[in-house]
Amino acid sequence: MKKGRLSKGLKGLMVLILLFSLIGNIPVRANAEEQEVDIDFENIELTAEEEILAEELASELQFLVEEGAIVDEENDILLGFDEDVLDARYTGKAEYQDIKNMLITSGAFIDKNDPGNGAGNGGGNGGDNDVEPPEIEIMALKKENPKFTAAVNSCLKSEVKASFGLTATTATVEGIKSMIKKGQYKKAAQAIIKFGIKSSIVGTGVLMVWIVANCEEKALKKHKKWL
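Caption draft 1: Quick peek at the overall build of the protein chain. Regarding its fold elements, the protein chain presents 9 helices and 5 strands. N-terminal to C-terminal, the α/β element order of the protein chain is α-β-α-β-β-α-α-β-α-α-β-α-α-α. Looking at the protein chain as a whole, 52% of its 227 residues are labelled buried. Sequence separation of at least 24 residues holds for 81% of the intrachain contacts in the protein chain that already meet a minimum separation of 6. For the protein chain, the exposed area adds up to about 10700 Å²; of that, 50% sits on carbon and sulfur atoms.

Caption draft 2: Structural context of unusual backbone geometry. Of note in this structure, aspartate 76 is not a glycine but carries a positive phi near 55 degrees. Residue position: aspartate 76 is located in the loop between β2 (69-72) and β3 (77-81). By relative accessible area, aspartate 76 is classed as partly exposed at 27%.

Caption draft 3: A look at the environment of glutamate 83. Position of glutamate 83 among the secondary structure elements: in helix α3 (residues 83-90). Counting along the chain gives 27 residues from glutamate 83 to isoleucine 110, while the straight-line C-alpha distance between them is 7.5 Å. The contacts of glutamate 83, once residues within four sequence positions are left out, are Tyr96, Lys100, Ile104 and Phe109.

Caption draft 4: Spotlight on the packing of helix α2 (residues 48-68) against helix α8 (residues 185-193). Interhelical geometry of α2 versus α8 gives an angle of 125 degrees and a closest axis separation of 8 Å. Taken together, the axes of α2 and α8 lie oblique to each other. The handedness of the crossing between α2 and α8 comes out as right-handed. Side by side, α2 and α8 meet where Glu50, Glu51, Leu53, Ala54, Glu55, Leu57, Ala58, Leu61, Gln62, Val65 and Glu66 of the first sit next to Tyr185, Lys186, Ala188, Ala189, Gln190, Ile192 and Ile193 of the second. Its residues assigned to classes, the contact of α2 with α8 shows 11 nonpolar, 2 polar and 5 charged.

Caption draft 5: Molecular detail of the nonpolar core. Within the largest apolar cluster, 59 residues are counted, with the highest numbers of intra-cluster contacts made by Leu61, Leu64, Phe81, Leu86, Leu103 and Ile176. Ignoring sequence-local partners within four residues, the contact set of leucine 64 consists of Ala69, Phe81, Leu86, Tyr90, Gly205, Val206 and Val209.

Caption draft 6: Structural context of the state of the cysteines. Summed over the entire model, instances satisfying the criterion amount to 1 disulfide. Bridging cysteine 155 to cysteine 215, the disulfide has an S-S length of 2.2 Å. Residues cysteine 155 and cysteine 215 are joined through a disulfide that is left-handed, its torsion about the S-S bond being -70 degrees. Placement of the pair is cysteine 155 in helix α6 (residues 146-164) and cysteine 215 in helix α9 (residues 201-222), with a sequence separation of 60 residues. Classification of cysteine 155 by relative accessible area gives buried; the value is 8%. Assessed through its relative accessible area of 1%, cysteine 215 is described here as buried.

Caption draft 7: Just the pattern of salt bridges, in detail. A full pass over the atoms with the stated rule returns 8 salt bridges. We note a salt bridge from aspartate 76 to lysine 225, for which the minimum N-O separation is 3.9 Å. In this pair, aspartate 76 is assigned in the loop between β2 and β3 and lysine 225 in the segment after α9, connecting sequence segments 149 residues apart. For lysine 225, a relative accessible area of 3% translates into the label buried. A single network of salt bridges, built from pairs that share partners, joins Glu83, Asp87 and Lys100.

Reading guide: rules and limits
- The numbering scheme is per chain: residues are counted from 1 as the chain's sequence reads.
- Only residues with pLDDT of at least 70 get local features here, since the model is predicted, and only at 80 or more are side-chain atom pairs given and counted; chain-wide, interface and lining totals rely on the full set of residues.
- Only hydrogens and water are set aside; all other atoms, that is, all heavy atoms of the structure, feed into the side-chain values.
- Strands are runs of DSSP state E lasting at least 2 residues, helices are runs of H or I lasting at least 4, and numbering of each runs from the N terminus.
- Each residue gets one of three labels from its accessible area relative to the maximum for its type: buried under 20%, exposed over 50%, partly exposed in between, using a 1.4 Å probe on protein chains only.
- Whether two residues are in contact is decided by their heavy atoms, any of which lying within 4.5 Å being enough.
- Accessible areas in this description were obtained via Shrake-Rupley with a 1.4 Å probe; residue shielding takes into account the shown protein chains only.
- Here an axis means a line fitted to C-alpha atoms, over the contact stretch when the element is a helix, while the angle between two N-to-C directions is reported on a 0 to 180 degree scale.
- Orientation labels follow simple angle bins: below 35 degrees gives roughly parallel, above 145 gives roughly antiparallel, 65 to 115 gives roughly perpendicular, and whatever is left gives oblique.
- The crossing is said to be left-handed when, going from far helix to near helix, the turn is anticlockwise and less than a right angle, and right-handed when the turn is clockwise.
- Note that Gly is not counted as nonpolar here; it falls among the polar residues with everything else outside the nonpolar set of Ala, Val, Leu, Ile, Met, Phe, Trp, Tyr, Cys and Pro and the charged set of Asp, Glu, Lys and Arg.
- What we call a nonpolar core is a set of buried Ala, Val, Leu, Ile, Met, Phe, Trp, Tyr and Cys residues that are connected through their side-chain atoms within 4.5 Å.
- Our working definition of a disulfide is a cysteine sulfur pair at a distance within 2.5 Å.
- A pair is scored as a salt bridge if a Lys or Arg side-chain nitrogen falls within 4 Å of a carboxyl oxygen belonging to Asp or Glu.

Purely geometric stuff here, so don't read any function into it on its own.
Written as structure tokens, this is what we have:
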């Protein structure tokens, strides 16, 4: 698998965070450093307006993971995005050109035809209501390395705080990541909305998938994913 395409991810990620904060009006709550978000995924309460946003975000997450993402199939981790696929969906949207420029700068676009990067097209989980395909069932039989999991979660907590100004519990960030990877996009979107994101659904979706990709790629450099 090709290494290094996401190695400058954190620097690029911080640029993306700044961009989305400007174009997406992502609010940072007062005294955010004193808060710790612990979401009960089975009892998320949203307003009617927030539910609409969650539906929109869930749709974007599903597209980004299942169609727009490039994955390392051996390790079941996200590598980055397919530029052509994102262009086809988002060209013409007001914020997309700025988003695309930052993705290019950050090295987030991956050549899916390069045999050296171990890439395959997106997760293909089929969304919240579909049966998981055989390859997902086989993957579930593998045991994930606790050191890899801990490294991913630590990175996720750091990037969630950097992005949204909030300290989330390990269970919260791990839950959101797991739901995104398993295709439970509606639940993931509802949890993300609870952080206070009110607009720039496209930017939010790209940012969340990019955070997961960066954290998994960083962890894989230190630890094997499977025991």
